[in-house]
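# Remarks on the overall topology
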Amino acid sequence: MTAPPTLSAADRDYLERAALLAHRGWGGVHPNPLVGCVLVRDGEVVGEGWHEEFGGPHAEIRALERAGAAAEGATAYVSLEPCRHEGKTPACTGALRAAGIRRVVFGAQDPGAESGGGGTTLAADGLEVAGPVFDDRRAWSENPAFHDWVGAGRTHVSLKLALSLDGGIAARPGARTAITGSEARREVHRLRAGFQGILVGGETVRVDDPLLTVREVSLRRPAPVRVVLDPGLETEARAALFRDVEAAPVWIFCRDDAPEDRMERLEAAGARVHPVPRADGGSGVSLEAVLERCGGMGVQSLLCEGGGRLAAALVRSGLARRLYALVAPRVLGPDAVPGFPGLGPVRWRAARPPLALGDDVLLTLDREA
């Protein structure tokens, strides 16, 4: 089963529409993938849908419900290969077949051992199937956390940094600095809602004293875990993180030789402390060990919000491949804390069009493999 050499311009337009619809599920479906579906019959759209909530109907089911009898003989354009297994919902392949869908065009191949292979199943049932249409790079970009976890068995890490025009994240070391405005801040809360964990370094906690919770948008899934990398356990028990630890858990990763009295103090404040091996040749913790432990505890996606040294280390090691750069029209000057200290040249490509947020701009970038 392979995509045909060419698809019509209309085919590609409908498939792009399905991919656009998929992103309406952000914050409601993780760790499931974002999926959109468009049903077209005789050149008319007869049904659209997207995966709206975890455990709820998939995109194809929503589109079939809206199309009703008009789905018979239609073409289904789906951003991700229809699933063939029964989990919390019935298999989409069976629903498409039962509805009389004639043809299926899908964008990305499903990397799952159980969920994948739906295209082959549909073709064997006599439907015309075209896909995967997207190349590996585009497929990953549509659902990076899903592909990293299901396809590669690793916890996905994205970075979010608010940057000045000269690449700074703070006016000077130790200074809490507001870089972007209110619209960008709301977008950060929306981004947080689509991840299972928020990751920061201990220095960020000490300087900024952040809450790292989802507040300015509705939260439709469990609150992300707050994950702090604090090798020597210097975080204070009075930090803002501990105000609502029952609603949004706090995990602190330290070196396995960190003082036990500090572990006890932070655990008494409500944190779960996780000792992990020291990073090779350094004083920090092993990032690989942290991600492996997070994955073992069910956290499949992390949004890292700083600081600069942690961001640079994640990029340098290849553990972070997506960057949400919120760029503000201001210059911090020569004393500014750099966003990626000591990091050499890195090639990025645009994953989404730039998004204006008041005076600021969001750049969504994927690292070139």
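Fair warning: this is a prediction, and the values are worked out from it, not measured in the lab.

Further remarks concern the pattern of salt bridges. Applying the stated criterion across every chain, the model contains 26 salt bridges. With a closest N to O distance of 3.4 Å, Arg137 and Glu368 form a salt bridge. One end of the pair, Arg137, is in helix H5 (residues 136-142); the other, Glu368, is in the segment after strand E17 (360-367), with 231 residues separating them in the sequence. The class of Arg137 is partly exposed, set by a relative accessible area of 45%. Residue Glu368 is classed as partly exposed on the basis of its relative accessible area, which comes to 24%. Salt-bridge contacts for Asp257 lead to Arg278; the nearest nitrogen and oxygen are separated by 2.8 Å. Here Asp257 is found in the loop between strand E10 (250-255) and helix H9 (260-268), whereas its partner Arg278 is found in the loop between strand E11 (272-276) and helix H10 (287-296), with 21 residues between them in sequence. On the basis of relative accessible area, Arg278 is assigned to the partly exposed category, the value being 36%.

Judged by nonpolar contacts, the single largest core of 34 residues is most densely connected at Val38, Leu39, Ala76, Leu96, Ile101 and Val104. Secondary-structure elements contributing two or more residues to this core are helix H1 (9-22), strand E1 (36-41), helix H2 (59-67), strand E3 (75-80), strand E4 (103-108) and strand E5 (128-130). Setting aside residues up to four positions removed in sequence, Leu96 forms contacts with Glu60, Leu64, Ala76, Pro82, Ile101, Val104 and Leu122. Counting residues in each nonpolar core, the second largest holds 29 residues, with Val225, Cys294, Val315 and Ala325 among its members.

Turning to the packing of aromatic side chains, a few remarks are in order. Aromatic ring pairs are described here by two measures, namely the spacing of the ring centres and the angle between the planes. Inspection of the entire model under this criterion finds 2 aromatic pairs. Taking the centre distance of 5.2 Å and the plane angle of 40 degrees together, the rings of Tyr14 and Tyr77 count as tilted. Of this pair, Tyr14 sits in helix H1 while Tyr77 sits in strand E3, placing them 63 residues apart in sequence. Lying across the ring of Trp50, Arg66 places its NZ or CZ 5.4 Å from the centre.

With that settled, consider the sheet that holds strand E2 (residues 44-50). Spatially, 5 strands are ordered E2-E1-E3-E4-E5 in an open sheet, and the strand pairing comes out mixed. Of all strands in the sheet, those with a lone pairing partner are E2 and E5, marking the two edges. Strand-to-strand, the axes of this sheet are offset by a mean angle of 15 degrees, without reference to chain direction. In the sheet, E3 pairs with E4 via 5 bridges, with the strands oriented parallel.

Before going further, it helps to examine the pairing of strand E8 (residues 197-201). Counting buried residues along E8, 5 of its 5 residues qualify, which places the element largely inside the surrounding structure. Pairing analysis gives 5 bridges linking E8 to strand E9 (residues 225-229), with the strands arranged parallel. Paired with Gly201 across the bridge in E9 is Leu229. The pairing of E8 with strand E12 (residues 301-304) spans 3 bridges and is parallel. Its bridge partner being in E12, Leu199 is matched across the sheet by Cys304.

Conventions adopted
Residues numbered from 1 in each chain as written. Predicted model: local features only at pLDDT ≥ 70, side-chain atom pairs only at ≥ 80, totals over all residues. Heavy atoms only, no water. Salt bridge = Lys/Arg side-chain N within 4 Å of Asp/Glu carboxyl O. Helix = DSSP H or I, 4+ residues; strand = E, 2+ residues; numbered from the N terminus. Buried < 20%, exposed > 50% of the residue type's maximum accessible area, 1.4 Å probe, protein only. Core = buried A, V, L, I, M, F, W, Y, C linked by side-chain atoms within 4.5 Å. Contact = heavy atoms within 4.5 Å. Phe/Tyr/Trp six-rings, centres within 6.5 Å; stacked < 30°, edge-to-face > 60°. Lys NZ or Arg CZ within 6 Å of the ring centre and 35° of its normal. Pairing = 2+ DSSP bridges. Axes fitted to C-alpha atoms, helices over the stretch in contact; angles between N-to-C directions.

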